[in-house]
Each structure stands twice: as C-alpha cells, then as structure tokens.
Amino acid sequence: MQVGLIGLGRMGAGMAQRWHAAGYDVVAYNRTVAKAEALAARGVVTAVNDLKGLVEKLTGPRVVYVMVPAGEVTEDIILGQGGLMELLQAGDVVVDAGNSHYPDSVRRAKIVAQHGIELVDQGTSGGILGATQGYCVMVGGVAAAVALVEPFARSLAMENGYIHAGEVGAGHYVKMIHNGMEYGMMQSLAEGFNLLHEGPYAIDLADLAKTWQHGSILQSLLLEVLTDQLREHGTLEHVSPQVSDSGEGQWTVEEALQRKVPVPAITAALFARYDSRKRGDFAGKVLAAMRLGFGGHTS
Ligand SMILES: NC(=O)c1ccc[n+]([C@@H]2O[C@H](COP(=O)([O-])OP(=O)(O)OC[C@H]3O[C@@H](n4cnc5c(N)ncnc54)[C@H](OP(=O)(O)O)[C@@H]3O)[C@@H](O)[C@H]2O)c1
C-alpha cells in the first residue's frame, strides 16, 4: 500500500521509517530534496522532486500526509498555487499531521471538500522518540476518509495509541489541549528541579530523577527525558534557558478564555516561558533540556 508524505524533518523522517518498517511504500517530497534522496538511498522512501511528482506516483484514492510547520507553510502546501488542492482528485485524502490550529483545519477541510477531497487532521505526539517507540495519534475527520487513513495512522502509533477523536478539527483540538497540559507538567518539573538546584543539599539531580522513575508518582516520559539530559549534561550548560513555544499553549489559553474555563496552571506555564526569554534560570534550562530530549527542539 502506498502513502504520500510531504516533509522529512524530525517528525516526517521518523514517520517514513515506521511506515517503511511496516511494509508500506512511502512516496516522499521534501523541500530540501537531498533529505528525501538520502532516505531513498536507504530504501526507506521513493523520492520525488515536487508535489506534482508525488501525486503522479500515487494511485487513487491517495492518502497524502503533510508534516511541515503549521501556518503559512501548511496553508501553501494544501491550498496554495500548485498545491495539493490543485493536484489531487475527488476521493483523495490529505492528512495534516502537524500542529495546525484546529480552526484552520476546519476551514481548510471545507475548502478542499468543494473539490471532493477530504482533510483529516491528525495530532501526532511523541516527538523524535516516536520513530522508535511509536507515536500517539489523534485524528479528526469524516468516517470514510478516516477509514482510508487508519491503517497508516495505526502503524505510526504505539499499541493502543490511536484514537478517532471526532469530526474534522477534533484531532488538532485534542492535540492543542494535550500540548497545553504538557506545558503545565513540564513547568512543574522545571520549578521543582530549580528549587532542588538552589536548595541546601548537594543532590545529584540525575540520580534523583532516575530514582523517581522507580515507584514514584512522578514517573513519566518527561522525567525519563530529563533524567537522560541531566545524566549526559550535568548542569545543562548545553541549552539556553530562554524557552520557545510553538503556539499550542497560547491557543489552549485563548480557547479557555473564550469558553470561560479556568486553566491557571497552563496559563502560568505559558507565561513562565515568555518570562524565561527575559530572565533565564535553571528552571528554563530544565524546560529547554526536556524540549531538546523529546522534540529535538534547539530553540
Ligand atoms: N518536533 C516535535 O516534537 C513535534 C511533535 C509533534 C508535532 N510536531 C509538528 O510536526 C510538524 C513538523 O515538525 P518537525 O519537528 O518535523 O519540524 P522540522 O524538523 O523543523 O521539519 C520541518 C519540515 O518542514 C519543511 N519545511 C519547512 N519550511 C518549509 C517551506 N517553507 N516549504 C516547504 N517545506 C518546508 C522542512 O523542509 P526542509 O528539510 O527543506 O527544511 C522539513 O521537512 C510541525 O507542525 C510541528 O509543530 C512536532
């Protein structure tokens, strides 16, 4: 079975490898063609030079995954001049697997539907670790389109790590809130480790983090990532304490404001990231180290 993939960055390259391992034929386009060619040389994908080539290589009904930055880049690839909407045919499905804002996905789905093309929005969690251990995959879309996508989505996912969350937009809606929650959990770890770092005992933080992975309620993937970062880098000199955000935390807070649902911990976590860009302390380094460890984020 064939699947199309646009974007071979940290996430897309990992997804291609999982599909290849599952026996799928992955036809891939990447802006920097050399990345696609390098994966093709290892037999992981069939590389194409442009979107037209990608669509021509696939037989219908096509499933084409888009795994690029949210916003303008995703918009252009799906709706822009020479983009997927102009190239695909009725019955084909576009899967936006990046972190798009859910109202954008709902809007794009309505536009492509006028051409008989369905859009499935997929929240994809797991970062660079997902390539080996499997991702958590949350999709939104109409049943017929999701049925076409499901084999690919399930093969990306860790066992039991797949959900059809609801209609179009639901996949990115749950991923947005998932990432908002992630901000809160990471901030809590960062504050605790900052206090330990400043405290009166010369505690080996890597050792403590590792110990907490055994029987403690704090046991988690985030703590595991942090343990590895602390063990490898000690006082985390390798990361800047200025912590970026990629939008989902802000969208979660905006959504909560609109619905008048209190999310004080998530809001505080978002503001702490803004604040870190002016200040920068060990808590910022702890956050940055976790982002580097699970997402490969260097800024
Ligand atoms: N990293 C994570 O932990 C993570 C987790 C879940 C979801 N996501 C989401 O997954 C998506 C991809 O993230 P990533 O971490 O894989 O990003 P990435 O490593 O920065 O890769 C970005 C990909 O998009 C392509 N791209 C960037 N700008 C482009 C443009 N103007 N035109 C065409 N292609 C362009 C890049 O091509 P080049 O190779 O030519 O630069 C590359 O293939 C994003 O929506 C992100 O929010 C990321």
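Shown above is the structure to which this text applies.
The structure reproduced in this document is the subject of the present report. In this text, all values refer to a predicted model and were calculated from it rather than measured experimentally.

Per the stated rule, a full pass over the model turns up 13 salt bridges. Taking the shortest distance from any N to any O, the salt bridge between Lys 52 and Glu 56 comes out at 2.9 Å. Separated by 4 residues within a single helix, Lys 52 and Glu 56 lie in helix H3 (residues 51-57), roughly one turn from each other. Close ionic contact of Glu 75 with Arg 108 constitutes a salt bridge, the shortest N to O distance being 2.7 Å. Here the residue Glu 75 occupies a position in helix H4 (residues 72-79), and Arg 108 occupies one in helix H6 (residues 102-113), the gap between them amounting to 33 residues. By relative accessible area, which is 1% here, Arg 108 ends up buried. Counted as one network, the salt bridges with shared partners bring together Glu 75, Asp 96, Asp 104, Arg 107 and Arg 108.

Contacts to the ligand come from 21 residues, most closely from Met 11, Asn 30, Thr 32, Lys 35 and Val 68. The separation between an oxygen atom of the ligand and a polar side-chain atom of Thr 32 is 2.5 Å. His 297 is positioned such that a nitrogen or oxygen atom in its side chain is 3.4 Å from an oxygen atom of the ligand. For the ligand, the protein covers 80% of the area, taking 910 Å² as the surface of the free molecule. Looking at the shell around the ligand, its residues break down into 7 nonpolar, 10 polar and 4 charged.

Moving on: the packing of helix H9 (residues 170-198) against helix H13 (residues 264-276). Interaxial distance between H9 and H13 falls to 8 Å at its minimum, and their mutual angle equals 70°. With respect to their mutual orientation, H9 and H13 come out roughly perpendicular. Contact with H9, carried on its side by Gly 180, Met 181, Tyr 183, Gly 184, Met 186 and Gln 187, involves Ile 266, Ala 269, Leu 270, Ala 272 and Arg 273 of H13 and no other residues of that element. Along the lines of polarity and charge, the residues of the contact of H9 with H13 split into 7 nonpolar, 3 polar and 1 charged.

Take the pairing of strand S5 (residues 93-96) next. Burial of S5 is two-sided: the residues Val 93 and Val 95 facing one way and the residues Val 94 and Asp 96 facing the other way are all buried. As paired strands, strand S4 (residues 63-66) and S5 are joined by 4 bridges and run parallel to one another. Looking at the pairing, Val 66 lines up with Asp 96 of S5. Pairing of S5 with strand S6 (residues 118-125) involves 4 bridges; the strand directions are parallel. If you follow Val 94 over to S6, its bridge partner there is Leu 119. Chirality of the crossover, the property in question, places the unit of S5, H6 and S6 among those that are right-handed.

Turning to the pairing of strand S2 (residues 25-29), a few remarks are in order. Counting buried positions along S2 gives 4 out of 5 residues, so the element sits mostly inside the fold. One ladder, built from 5 bridges, connects strand S1 (residues 2-6) with S2; its direction is parallel. In the strand pairing of S2, Gln 2 is matched with Asp 25. Where S2 meets strand S3 (residues 46-48), 3 bridges bridge the pair, whose relative direction is parallel. Within the sheet, the bridge partner assigned to Tyr 29 lies in S3 and is Val 48. Viewed along the sheet, the connection from S2 through helix H2 (residues 33-41) into S3 turns out right-handed.

Okay, the packing of aromatic side chains next. In total, this model carries 6 aromatic pairs according to the counting rule given. On the basis of an interplanar angle of 70° and a centroid distance of 5.7 Å, the ring pair of Phe 193 and Trp 212 is categorised as edge-to-face. A residue pair is termed long-range when its members are at least 10 positions apart, and Phe 193 in helix H9 and Trp 212 in helix H10 (residues 205-212) qualify at 19 residues. Classification of Phe 193 as buried rests on a relative accessible area of 1%. You can call Trp 212 partly exposed: its relative accessible area is 25%. Aromatic rings pair up to connect Trp 19, Tyr 24, Tyr 65 and Phe 152 into one cluster.

A rise of 1.5 Å per residue sets the reference length of H13, with its 13 residues, at 18 Å; its end C-alpha atoms lie 18 Å apart and thus fit the reference within 8%. Of the positions making up H13, those classed as buried are Ile 266, Thr 267, Ala 269, Leu 270, Ala 272, Arg 273 and Ser 276. On its buried face, H13 sits against H9, helix H12 (248-259) and helix H14 (282-295).

Bringing the sheet that holds S3 into the picture now. An order of S3-S2-S1-S4-S5-S6-S7-S8 is seen for the 8 strands of this open sheet, with the pairing classed as mixed. Each of the sheet's edge strands pairs with one partner strand only, and the pair in question is S3 and strand S8 (157-166). On average, adjacent strands in this sheet sit at an angle of 25° to one another, irrespective of strand direction. The sheet strands contacting H4 are S1, S4, S5 and S6, and the helix crosses S5 at an angle near 175°. The strands touched by H9 are S5, S6, strand S7 (135-140) and S8; relative to S6, the strand with the most contacts, the crossing angle is about 20°.

Criteria and cut-off values
- Residues numbered from 1 in each chain as written.
- Predicted model: local features only at pLDDT ≥ 70, side-chain atom pairs only at ≥ 80, totals over all residues.
- Heavy atoms only, no water.
- Salt bridge = Lys/Arg side-chain N within 4 Å of Asp/Glu carboxyl O.
- Helix = DSSP H or I, 4+ residues; strand = E, 2+ residues; numbered from the N terminus.
- Buried < 20%, exposed > 50% of the residue type's maximum accessible area, 1.4 Å probe, protein only.
- Near = heavy atom within 4 Å.
- Polar contact = N/O pair within 3.5 Å; in protein donor to acceptor, adjacent residues only side chain to side chain.
- Areas by Shrake-Rupley, 256 points an atom, 1.4 Å probe, with all protein chains shown as cover.
- Nonpolar A, V, L, I, M, F, W, Y, C, P; charged D, E, K, R; others polar.
- Axes fitted to C-alpha atoms, helices over the stretch in contact; angles between N-to-C directions.
- Parallel < 35°, antiparallel > 145°, perpendicular 65-115°, else oblique.
- Contact = heavy atoms within 4.5 Å.
- Pairing = 2+ DSSP bridges.
- Right-handed = clockwise from strand over helix to strand, strands pointing away.
- Phe/Tyr/Trp six-rings, centres within 6.5 Å; stacked < 30°, edge-to-face > 60°.
- Expected span 1.5 Å × (residues − 1).

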